[in-house]
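Fold and contact review
Each chain is listed here by its residues.
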Amino acid sequence: MNEAANRIEARLKGPMPKLALVLGSGLGGLVEKLEDAVRFSYAELPGFPASGVTGHAGELVAGRLSGKPVLVLSGRAHYYEHGNPAAMRPALETLKALGVETLILTNAAGSVREDLAPGSVMMIDDHINYSGLNPLISEPSDARFVGMTTAYDADLKQAFEKAAIKAGEALPRGVYMWFSGPSFETPAEIRMARVLGADAVGMSTVPEVILARFLGLRVAACSVITNFGAGMSGGELSHQETKDMAPVGGKRLQAMLHHLIGEIA
Ligand code: HPA
């Protein structure tokens, strides 16, 4: 077992979580809902990323949500911070070592679709890796040839949709396109994204999905839409807007997660 997993296990009581969540920009509020929370700063967990993005806490919190044990990663490393697409690998390997089987990823994203407004939540049906990067480059084993045909688990998608109905929320499916960032897209890039089949654009999640599939985790992911893509609504985009708007859709996503975790974890 790795050192971070040992440290976490030493402080956890009761059944070990089989489910983990990664919270994106401005979505950290869910952590406050955890019962019997045990918190670990990433700084105390070897291999975990130093989180340098405002709106990202950089802590792992274990606790119960809807009565089920979960691990929550509040804050992630982005490629644009250090230029390493595999920066989340040690953290995800730690989850795997602890016995986690299912990973739910969340992010803040820009909408490419007129009918997908800021404040809404989109379930990621599939993705387009537009960055040209891959977290498994330099992985020597044949396991690097990860199939991505069913990367986003079909049963989890259905469970998410049932949870959305129970929460009284809409949950459209869509394609998430990964741009490296940190600059936002240009209006021309947003038009290109639409033509290529994207519904939302963002700067995270895709490398984590690739790594999670490499590790054999079941994956689901949702985007909280914080803004229309560049050129769709006039004004300039900003990280402040992302942070301000994320909690709006974030509340909707939280309601769905409560129902989902009650069912599946
Ligand atoms: N583009 C890329 N990433 C984002 C956006 C966007 O418009 N909004 C939030 N994250």
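Calculation notes
Residues numbered from 1 in each chain as written. Predicted model: local features only at pLDDT ≥ 70, side-chain atom pairs only at ≥ 80, totals over all residues. Heavy atoms only, no water. Helix = DSSP H or I, 4+ residues; strand = E, 2+ residues; numbered from the N terminus. Rg over C-alpha atoms; globule rule 2.2 N^0.38 Å. Buried < 20%, exposed > 50% of the residue type's maximum accessible area, 1.4 Å probe, protein only. Contact = heavy atoms within 4.5 Å. Areas by Shrake-Rupley, 256 points an atom, 1.4 Å probe, with all protein chains shown as cover. Lys, Arg positive; Asp, Glu negative; His and termini not counted. Charge placed at Lys NZ, Arg CZ, Asp CG, Glu CD. UniProt positions renumbered as here; feature names shortened; annotations may be inferred. Pairing = 2+ DSSP bridges. Near = heavy atom within 4 Å. Polar contact = N/O pair within 3.5 Å; in protein donor to acceptor, adjacent residues only side chain to side chain. Nonpolar A, V, L, I, M, F, W, Y, C, P; charged D, E, K, R; others polar. Salt bridge = Lys/Arg side-chain N within 4 Å of Asp/Glu carboxyl O.

This part is about the overall build of the protein. A tally of regular secondary structure across the protein gives seven helices and nine strands. Relative to the compact-globule value of 18 Å for 265 residues, the protein shows a C-alpha radius of gyration of 17 Å, a close match. Looking at the protein residue by residue over its 265 residues, the buried ones come to 51%. Partitioning the contacts of the protein with sequence separation of at least 6, the portion at a separation of at least 24 is 82%. For the protein, the exposed area adds up to about 11000 Å²; of that, 52% sits on carbon and sulfur atoms. The positive charge centre, built from 24 side chains, and the negative charge centre, built from 28, are 4 Å apart in the protein.

As a further point, take the UniProt feature "binding site: a purine D-ribonucleoside" (unreviewed entry) in the protein. Mapped onto this numbering, the UniProt entry annotates "binding site: a purine D-ribonucleoside" (unreviewed entry) at Glu-185 and Asn-227. A maximum C-alpha distance of 12.2 Å places the annotated residues, which cover 43 residues in sequence, within one compact spot. Mapped onto the fold, Glu-185 is located in the loop between strand S7 (173–178) and helix H5 (187–196). When near neighbours in sequence (up to four residues on either side) are disregarded, Glu-185 contacts Phe-179, Ile-190, Val-201 and Ala-230. Topologically, Asn-227 is positioned in strand S9 (residues 218–228). Under the relative-accessibility criterion, Asn-227 is labelled buried at 6%. Not counting residues up to four positions away in its chain, the partners in contact with Asn-227 are Ala-109, Gly-110, Ser-111, Pro-118, Leu-237, Glu-241 and Thr-242.

Let us look at the pairing of S7. The buried fraction of S7 amounts to five of the six residues, a majority that puts the element mostly inside the structure. Note: strand S6 (residues 121–129) against S7, six bridges, orientation parallel. Across the sheet, residue Ile-124 finds its bridge partner in S7, namely Gly-174. Summarising the sheet, S7 and strand S8 (residues 200–202) pair through three bridges and their orientation is parallel. Note that in S8 the partner of Tyr-176 across the bridge is Ala-200.

What follows is about the site of the ligand. All residues in the neighbourhood of the ligand are listed as Ala-108, Ala-109, Gly-110, Phe-184, Glu-185, Val-201, Gly-202, Met-203, Thr-226, Asn-227, Leu-237 and Thr-242. Here a nitrogen atom of the ligand sits 3.4 Å away from a polar atom, N or O, in the main chain of Gly-110. Here a nitrogen atom of the ligand sits 2.7 Å away from a polar atom, N or O, in the side chain of Glu-185. Its free accessible area being 260 Å², the ligand has 96% of it covered by the protein chains. Among the secondary structure elements, those contributing two or more residues to the shell around the ligand are strand S5 (102–111), S8 and S9. Broken down by element, the shell around the ligand gets its largest block of residues, three residues, from S5. For the shell around the ligand, a count of residues per class yields six nonpolar, five polar and one charged.

Moving on, we come to the pattern of salt bridges. Under the definition given, this model contains 17 salt bridges. With a closest N to O distance of 2.6 Å, Arg-173 and Glu-161 form a salt bridge. With Arg-173 in strand S7 and Glu-161 in helix H4 (residues 154–167), this residue pair connects regions lying 12 residues apart in the sequence. Note on Arg-173: relative accessible area 33%, which makes it partly exposed. Glu-161 sits in the partly exposed class, given a relative accessible area of 24%. The partner of Glu-263 in a salt bridge is Lys-166, and the shortest N-O contact between them spans 2.9 Å. Here Glu-263, found in helix H7 (residues 239–264), pairs with Lys-166, found in helix H4; they are 97 residues apart in sequence, far enough to count as distant. Overall, the relative accessible area of 55% leaves Glu-263 in the exposed class. A residue is classified by how much of its surface remains accessible, and Lys-166, at 48% relative accessible area, is partly exposed. Residues joined in a network through salt bridges with shared partners are Asp-125, Lys-157, Glu-161 and Arg-173.

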